[in-house]
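# Reading the structure
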Amino acid sequence: MPRYVALLGSINVGGNRLSMAELREAFEREGLEQVETVIASGNVLFEHEERPVEGLAEMLEWIVNDRFGFHSMVAVLNAAELRHAIEDNPFAADGDEAKVHTLFLDGEVDPAQFRVLVEDHQGRGRERLAIGPRSLYIDYVDGVGTSRLTGAFLERRLGRHGTARNMRSLARILAKLG
């Protein structure tokens, strides 16, 4: 059976507290197999019969909403897709692995909206930005905690919801995914 990773957004931030044991149990109840979490921030490895990842993402979003009462954007990737998200990030080679992120999105980025994002961000920070497939590559040069390039700012400009992971986390997830 194919192995996937689900990257859940909004887990263990704000009021959305959730133990990884509860999350694993909820996924197992829905028929996912070999469920394992990596890092306590909503990274779930699992096996499931092959089907389009969009359908899996919708199913997992429904599980989180139904079982835990909050919406979580979910990106589902196989090992090859995750490897490409790491290798294709143009900032990975010369950026700090803790500061270079891939923001996985719920759809493709419209190039016109990306230009608006870049223009609106001018003078707000030194972050570097690039478009990827259903993703945005971001180098938070001075760190995420001090950045004015927030999730809300990105979502308003792009019209997309997303969940971000840094290169260090993605490498750990890929190593476990296989």
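As shown above, the structure is provided for reference.
Conventions adopted
Residues numbered from 1 in each chain as written. Predicted model: local features only at pLDDT ≥ 70, side-chain atom pairs only at ≥ 80, totals over all residues. Heavy atoms only, no water. Pairing = 2+ DSSP bridges. Helix = DSSP H or I, 4+ residues; strand = E, 2+ residues; numbered from the N terminus. Axes fitted to C-alpha atoms, helices over the stretch in contact; angles between N-to-C directions. Contact = heavy atoms within 4.5 Å. Parallel < 35°, antiparallel > 145°, perpendicular 65-115°, else oblique. Left-handed = near helix turned anticlockwise from the far one by under 90°. Nonpolar A, V, L, I, M, F, W, Y, C, P; charged D, E, K, R; others polar. Core = buried A, V, L, I, M, F, W, Y, C linked by side-chain atoms within 4.5 Å. Buried < 20%, exposed > 50% of the residue type's maximum accessible area, 1.4 Å probe, protein only. Phe/Tyr/Trp six-rings, centres within 6.5 Å; stacked < 30°, edge-to-face > 60°. Lys NZ or Arg CZ within 6 Å of the ring centre and 35° of its normal. Salt bridge = Lys/Arg side-chain N within 4 Å of Asp/Glu carboxyl O.

## Examining the sheet that holds strand 1 (residues 3–8)
Taken in spatial order, the four strands make up an open sheet running 2-3-1-4, and their pairing is antiparallel. Strands at the two margins of the open sheet, each flanked by one partner only, are strand 2 (33–37) and strand 4 (74–78). For this sheet, the mean angle separating the axes of adjacent strands, direction not counted, is 20°. Where strand 1 and strand 3 (residues 43–47) come together, five bridges link them in antiparallel fashion. Looking across to strand 3, one finds that Arg3 is bridged to Glu47. Across the face of the sheet, helix 1 (residues 20–29) comes into contact with strand 1, strand 2 and strand 3 while running at roughly 160° to strand 2. Sitting on the sheet, helix 6 (residues 167–177) touches strand 1, strand 2, strand 3 and strand 4, and the angle it makes with strand 1 is about 155°.

## Details of the packing of helix 3 (residues 79–87) against helix 6
For the pair helix 3 and helix 6, the least separation of the axes is 10 Å and the interaxial angle reads 155°. As summarised for this structure, helix 3 and helix 6 are arranged roughly antiparallel, according to the angle between their axes. You can see that helix 3 and helix 6 cross each other, and the crossing is left-handed. Residues Ala79, Leu82, Arg83, Ala85 and Ile86 of helix 3 touch helix 6, and the partners they reach there are Met167, Leu170, Ala171, Ile173, Leu174 and Leu177. Here the contact of helix 3 with helix 6 is built from residues that sort into 10 nonpolar, no polar and one charged.

## Observations regarding the nonpolar core
Counting residues in each nonpolar core, the largest one holds 23 residues, and the members touching the most others are Ala6, Leu8, Leu23, Phe27, Phe46, Leu60 and Val76. Elements with a contribution of two residues or more to this core: strand 1, helix 1, strand 3, helix 2 (53–68) and strand 4. Element by element, the count of residues in this core is highest for helix 2, at seven residues. Contacts of Leu23, omitting those with residues within four sequence positions, involve Leu8, Leu18, Val44, Val64 and Phe68. Counting 21 residues, the second-largest nonpolar core is a separate cluster that includes Ile86, Val100, Leu174 and Leu177.

## As for the packing of aromatic side chains
When we look at a pair of aromatic rings, we describe it by the centre distance and by the angle of the planes. Taken as a whole and assessed by the stated rule, the structure comprises one aromatic pair. In this structure, Arg157 packs its charged tip against the face of Phe153, placed 3.8 Å from the ring centre.

## Remarks on the pattern of salt bridges
Scanning all chains against the criterion turns up 11 salt bridges. Ionic pairing is found between Asp94 and Arg128, a salt bridge with its closest N-O pair at 2.9 Å. In this pair, Asp94 is assigned in the loop between helix 3 and strand 5 (100–105) and Arg128 in strand 6 (residues 128–132), connecting sequence segments 34 residues apart. Given the relative accessible area of 56%, Asp94 is considered exposed. Here Asp139 and Arg128 are joined by a salt bridge, their closest N and O atoms 2.6 Å apart. Of this pair, Asp139 sits in strand 7 (residues 135–139) while Arg128 sits in strand 6; the two residues are 11 residues apart in sequence, bridging distant segments of the chain.

## Looking at the side chain of His121
Its location among the elements puts His121 in helix 4 (residues 111–121). Beyond its immediate sequence surroundings of up to four residues, His121 is in contact with Glu127, Leu149 and Phe153.

## Topic: the side chain of His48
Residue placement: His48 occurs in the loop between strand 3 and helix 2. Excluding residues within four positions of it along the chain, His48 makes contact with Met1, Pro2, Tyr4, Gly31, Leu32, Leu56 and Met59.

## Some words on the sheet that holds strand 8 (residues 162–166)
Read from one edge of the open sheet, four strands run 6-7-5-8, paired in antiparallel fashion. Looking at the sheet topology across the chains shown, the edges are occupied by strand 6 and strand 8. Ignoring which end each strand starts from, the neighbouring axes of this sheet average 20° apart. Across the sheet, helix 4 touches strand 6 and strand 7, and the angle it forms with strand 6 is around 170°.

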